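Architecture and fold: a report
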Amino acid sequence: MRVAVVSDIHSNLAALRAVLSDMPAVDELWCLGDIVGYGPDPNECIATLLEKKHLAIAGNHDWAATGQVDVSDFNPDARRAAEWTASQLTDVNREILRRLPPELSIGDFTFAHGSPRDPIWEYILQPAQASVNLSFFSTKYCLVGHTHVPAIYLGPAGKSPATGVRPQTDEVFSLGERRLIVNPGSVGQPRDGDPRASYLLLDLESKEGRFRRVEYDVEATQRRMQAAGLPYSLWARLAVGW
Ligand code: ZN
């Protein structure tokens, strides 16, 4: 089985379409949350995801748009975007987001938007934090998003301690015996200084993963955000991937 793992699409339809065009034929899409929030096309991104065979979990921005999480902790621009998103969602799409589970386990994989310890909110940014989180899931591997930065965290093996790696484009890693927490990066708002959309391919037969980066029409998304009156800081950052 071949899978494409996407996360943090953030209503960026141009980026999502570019990622879908880039990927080879896959059996399923796995989406790690934050389908909406920040960007200009929440309903279209949900519809595009629904056209594919997929699994999806909730992110903090999905539930902010449905009122299931309190947006008072969001910064003012993120809050404004969450309120705008809530005003745009169709009733059907609001219900789809509302019903997303916060966590899922399928075969060797656990999915959590933030972390297995705190699926909606925790950011895994350091190997030490990833190491603590290894005891909060029982499968071999865990897939997370939320930081918008691609990463592989390897659990301890023998005398090797837990460690973290920043993968490069097209870097291949193996799904072996060592436990892993893997972040595919963000489709719609990358934050590692590379503005290209990020996602991950998994081949469950050959037991390999491959990180991908894809150029998309950033200016098209920026123009749509401006037209929607979304905050400057949210569309300006897309050009620099931050
Ligand atoms: Zn996000």
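Heads up: these notes are all about the structure in this document.

Parameters and conventions
Residues numbered from 1 in each chain as written. Predicted model: local features only at pLDDT ≥ 70, side-chain atom pairs only at ≥ 80, totals over all residues. Heavy atoms only, no water. Salt bridge = Lys/Arg side-chain N within 4 Å of Asp/Glu carboxyl O. Helix = DSSP H or I, 4+ residues; strand = E, 2+ residues; numbered from the N terminus. Buried < 20%, exposed > 50% of the residue type's maximum accessible area, 1.4 Å probe, protein only. Axes fitted to C-alpha atoms, helices over the stretch in contact; angles between N-to-C directions. Parallel < 35°, antiparallel > 145°, perpendicular 65-115°, else oblique. Left-handed = near helix turned anticlockwise from the far one by under 90°. Contact = heavy atoms within 4.5 Å. Nonpolar A, V, L, I, M, F, W, Y, C, P; charged D, E, K, R; others polar. Phe/Tyr/Trp six-rings, centres within 6.5 Å; stacked < 30°, edge-to-face > 60°. Pairing = 2+ DSSP bridges. Donors = N, O, S within 2.8 Å, 3.2 Å for Na, K, Ca; no water. Tetrahedral: all angles 85-135°; square planar, octahedral: opposite > 155°, others 65-115°.

1. A word on the pattern of salt bridges
Overall, the coordinates contain 13 salt bridges when judged by the stated rule. Residue lysine 53 is joined to glutamate 28 by a salt bridge in which the shortest nitrogen-to-oxygen separation is 3.5 Å. Residue lysine 53 is located in the loop between α2 (42–50) and β3 (54–56), and its partner glutamate 28 is located in strand β2 (residues 28–31); the two are separated by 25 residues in the primary sequence. What makes lysine 53 exposed here is its relative accessible area of 57%. Lysine 140 is paired through a salt bridge with glutamate 177; the nearest N and O atoms lie 3.7 Å apart. Of this pair, lysine 140 sits in the loop between α6 (127–133) and β6 (141–144) while glutamate 177 sits in the loop between β9 (172–174) and β10 (180–183), and the two are 37 residues apart along the sequence. Salt bridges sharing common partners tie together Asp22, Asp170, Arg210 and Arg212.

2. Focus: the packing of helix α1 (residues 13–22) against α2
Close contact between α1 and α2 brings their axes to 9 Å; oriented N to C, the two are set at 20°. Here α2 runs roughly parallel to α1, going by the angle between their axes. Relative to α2, α1 is oriented so that their crossing is left-handed. Contacts between α1 and α2 involve Leu13, Leu16 and Leu20 from the first element and Glu44, Cys45 and Thr48 from the second. By residue class, the composition of the contact of α1 with α2 is four nonpolar, one polar and one charged.

3. Side note on the packing of aromatic side chains
Applying the stated criterion to the full structure yields six aromatic pairs. Ring plane angle 45° and centroid distance 4.9 Å describe the contact between tryptophan 30 and phenylalanine 111, whose orientation is recorded as tilted. Of this pair, tryptophan 30 sits in strand β2 while phenylalanine 111 is found in strand β5 (residues 109–112), placing the two residues 81 residues apart along the sequence. With relative accessibility at 0%, the residue phenylalanine 111 sits in the buried group. When the ring of tyrosine 232 is compared with that of tryptophan 235, the centres are 5.1 Å apart and the planes differ by 80°; the resulting orientation is edge-to-face. Here tyrosine 232 pairs with tryptophan 235, and both are found in helix α8 (residues 232–236), just three residues apart, close to one helical turn.

4. Brief notes about the sheet that holds β9
Strand order across the open sheet formed by six strands is β3-β2-β1-β11-β12-β9, with mixed pairing between neighbours. With one partner strand each, in any of the chains shown, β3 and β9 form the two edges of the open sheet. In this sheet, neighbouring strand axes are inclined to one another by 20° on average, regardless of whether the strands run parallel or antiparallel. Two elements, strand β11 (residues 197–203) and strand β12 (residues 208–214), share seven bridges in a ladder whose sense is antiparallel. Pairing of leucine 200 across the sheet is with phenylalanine 211, part of β12.

5. So, the environment of glutamine 126
Note on placement: glutamine 126 falls in the loop between β5 and α6. By relative accessible area, which is 48% here, glutamine 126 ends up partly exposed. Taking the C-alpha atoms as reference points, glutamine 126 and tyrosine 153, separated by 27 residues in sequence, lie 8.4 Å from one another.

6. Let's talk about the coordination of the zinc ion
Of the protein atoms, only Asp8 (OD), His10 (NE2), Asp34 (OD) and His148 (NE2) coordinate the zinc ion, at distances of 2.1 to 2.2 Å. Around the zinc ion sit four donor atoms; with metal-centred angles ranging over 85 to 176°, the donor geometry is irregular. Considered as a linear motif, the donors of the zinc ion on their single chain read D-x1-H-x23-D-x113-H. Of this pair, histidine 10 sits in the loop between β1 (2–6) and α1 while histidine 148 is found in the loop between β6 and β7 (151–154), placing the two residues 138 residues apart along the sequence. What makes histidine 10 buried here is its relative accessible area of 1%.

7. Quick look at the sheet that holds β10
Spatially, the six strands line up as an open sheet ordered β4-β5-β6-β10-β7-β8, and their pairing is mixed. Edge positions in the sheet fall to β4 (103–106) and β8 (163–165), since each of these pairs with one other strand and no more. Here the strands of the sheet are splayed against their neighbours by 15° on average, with no regard to which way each runs. Note: β4 against β5, four bridges, orientation antiparallel. Within β5, the position partnered with leucine 104 by the bridge is phenylalanine 111.

Keep in mind that these numbers describe shape and distance, not what the molecule does.
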